[in-house]
Each structure stands twice: as C-alpha cells, then as structure tokens.
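# Structure at a glance
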Amino acid sequence: MQIEHLDIPGVIQLIPPRYGDHRGYFSVTYNRKDLAALGIDADFGQDNQSWSAAAGTVRGLHFQRPPAEQAKLVRVVQGRVLDIVVDARRGSPAFGQHIKSELSASNGAQIFVPRGCLHGFVTLEADTIVQYKVDNDYAPGLDASLRWDDPELAIDWGIERSAATLSEKDANGIAWADFETPFRLGD
Ligand SMILES: Cc1cn([C@H]2C[C@H](O)[C@@H](COP(=O)(O)OP(=O)(O)O[C@H]3O[C@H](C)C(=O)[C@H](O)[C@H]3O)O2)c(=O)[nH]c1=O
C-alpha cells in the first residue's frame, strides 16, 4: 500500500495495490487491521456515496459538530475530483491550512480525513461518484457547511463561484472569520 502523510497532522493519502490480470484488476479497498497498523483506528459505521452529474460540482466544506464529529475515508469509484481538507482544530500547527489531493477511479487514491477537519471536493469530470466511510452517524442538526471559497482560507479550487454547481447550503456557507471552531487537536 502506498502511504503519504500530508501536511495536516493525521491526514493520510493511501493507494491500495491493484492485482491486475487479463480480466482487469482486484483491489482490497478497505481493511480495518491494515488501517489500524497505519494509526487509522476509526470505527467506520456508515458508507456514503454521492453522484455528481456535472464537472465543476462543489460539495463542501462540510463537518458535523460534536458529539457527531466524523472522520472519513474518501475514494472515487467513477470520474475524478480535487479533494480538499482544512484543519479546523485549535492547537494544530496547521490550523486553517488546507491540502489538495486528486482522487480518481483510475488512480485509486484515498484520503483519510481525521475528526476536526473540514472536507470538500470539486468534480473534475462529469458523472463522478465519490464513496466514503464515516465513523459517526449523520446528525442533520449538527451538520454544517463552511464557505468553500472563503477569502481567508484562500483555497484554489480551479473554478469561480459563478461556474460552480452548488447546493443551497454550500452557496451560503459560514465565513471562516465567523467560525467558532468546536475542535481541538488531540480531542
Ligand atoms: C451527509 C448525509 C446526507 N444525507 C441526506 C441529506 C440531504 O437530504 C441529502 C444530501 O445531503 P448533502 O447536501 O449534505 O450532501 P453532500 O453535499 O454530498 O454532503 C457530503 O459531502 C461532503 C463532501 C462531505 O464530506 C460530507 O460528508 C457530506 O456532507 O442527503 C443523509 O441522509 N445522510 C448523510 O450522512
């Protein structure tokens, strides 16, 4: 398994091996023990899947407030995304910083997003399907969206707001300046 520890503490990119033969390939896309050996000991209890019809669809930056905070293991099974993780944990040396990673059906890359980080992506192709595991149940009353194109976060998504396909929630995300993070590194 290819592993890369990215610039935000606890954010790991992993690429499981693919065993190819004349039919195609086989890959173990999740094994709890293998991830625990990497220090990813999340107890994933829910699988999610989203399909985005258009390239330029932005979903994020999402999080759930405590006690419903979620760690995520994200992968793309069709198409391609630019995946974004923002560190929202007080006390983290990377507080307010972000990483970007291209995940696609062809590269097989996955991103582990620890609790206390904001997550989002922009689709780079039409007809893109993202699958991700979460370690806490959906809590609609605690689910929130931080403004994806917040000027203070200064994330280059490669798309202007006028060209992005957004939900109502993501078109009206919380500004970073107004965000009282409930997360602390090490919680
Ligand atoms: C997340 C979620 C949503 N829903 C329902 C609620 C809405 O009726 C519908 C769409 O929800 P939403 O617009 O929040 O979906 P996304 O914009 O794809 O949000 C997700 O995408 C970003 C990238 C994430 O990282 C989050 O985990 C997740 O919030 O699914 C559920 O029933 N259960 C769930 O766990």
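Described in the following lines is the structure provided in the data block. (Residues numbered from 1 in each chain as written. Predicted model: local features only at pLDDT ≥ 70, side-chain atom pairs only at ≥ 80, totals over all residues. Heavy atoms only, no water.)

Quick look at the site of the ligand now. Taken together, Gln46, Arg59, His62, Lys72, His119, Phe121, Tyr132, Tyr138 and Lys169 form the complete shell of residues around the ligand. A distance of 2.8 Å is found between an oxygen atom of the ligand and a side-chain nitrogen or oxygen belonging to His62. In the model, an oxygen atom of the ligand is placed 2.8 Å from a nitrogen or oxygen of the His119 side chain. Expressed as a share of its isolated accessible area of 650 Å², the protein-covered part of the ligand is 65%. Of all the elements in the fold, those that place two or more residues in the shell around the ligand are strand S6 (58-64) and strand S12 (117-123). Residue composition of the shell around the ligand, by class: 3 nonpolar, 3 polar and 3 charged. (Near = heavy atom within 4 Å. Polar contact = N/O pair within 3.5 Å; in protein donor to acceptor, adjacent residues only side chain to side chain. Areas by Shrake-Rupley, 256 points an atom, 1.4 Å probe, with all protein chains shown as cover. Helix = DSSP H or I, 4+ residues; strand = E, 2+ residues; numbered from the N terminus. Nonpolar A, V, L, I, M, F, W, Y, C, P; charged D, E, K, R; others polar.)

Quick look at the packing of aromatic side chains now. Counted according to the given criterion, the structure contains 7 aromatic pairs. Note on Trp176 and Phe179: the rings are 5.7 Å apart at their centroids and 40° apart in plane angle, and the pair reads as tilted. Comparing Trp176 with Phe179 shows no difference in burial state: the two are buried. Here the aromatic residues Phe63, Phe95, Trp176, Phe179 and Phe183 are joined through ring pairs into a cluster of three or more. The ring of Tyr30 carries Lys133 above its face, with NZ or CZ at 4.7 Å from the centroid. (Phe/Tyr/Trp six-rings, centres within 6.5 Å; stacked < 30°, edge-to-face > 60°. Buried < 20%, exposed > 50% of the residue type's maximum accessible area, 1.4 Å probe, protein only. Lys NZ or Arg CZ within 6 Å of the ring centre and 35° of its normal.)

Purely geometric numbers; function is a separate question.
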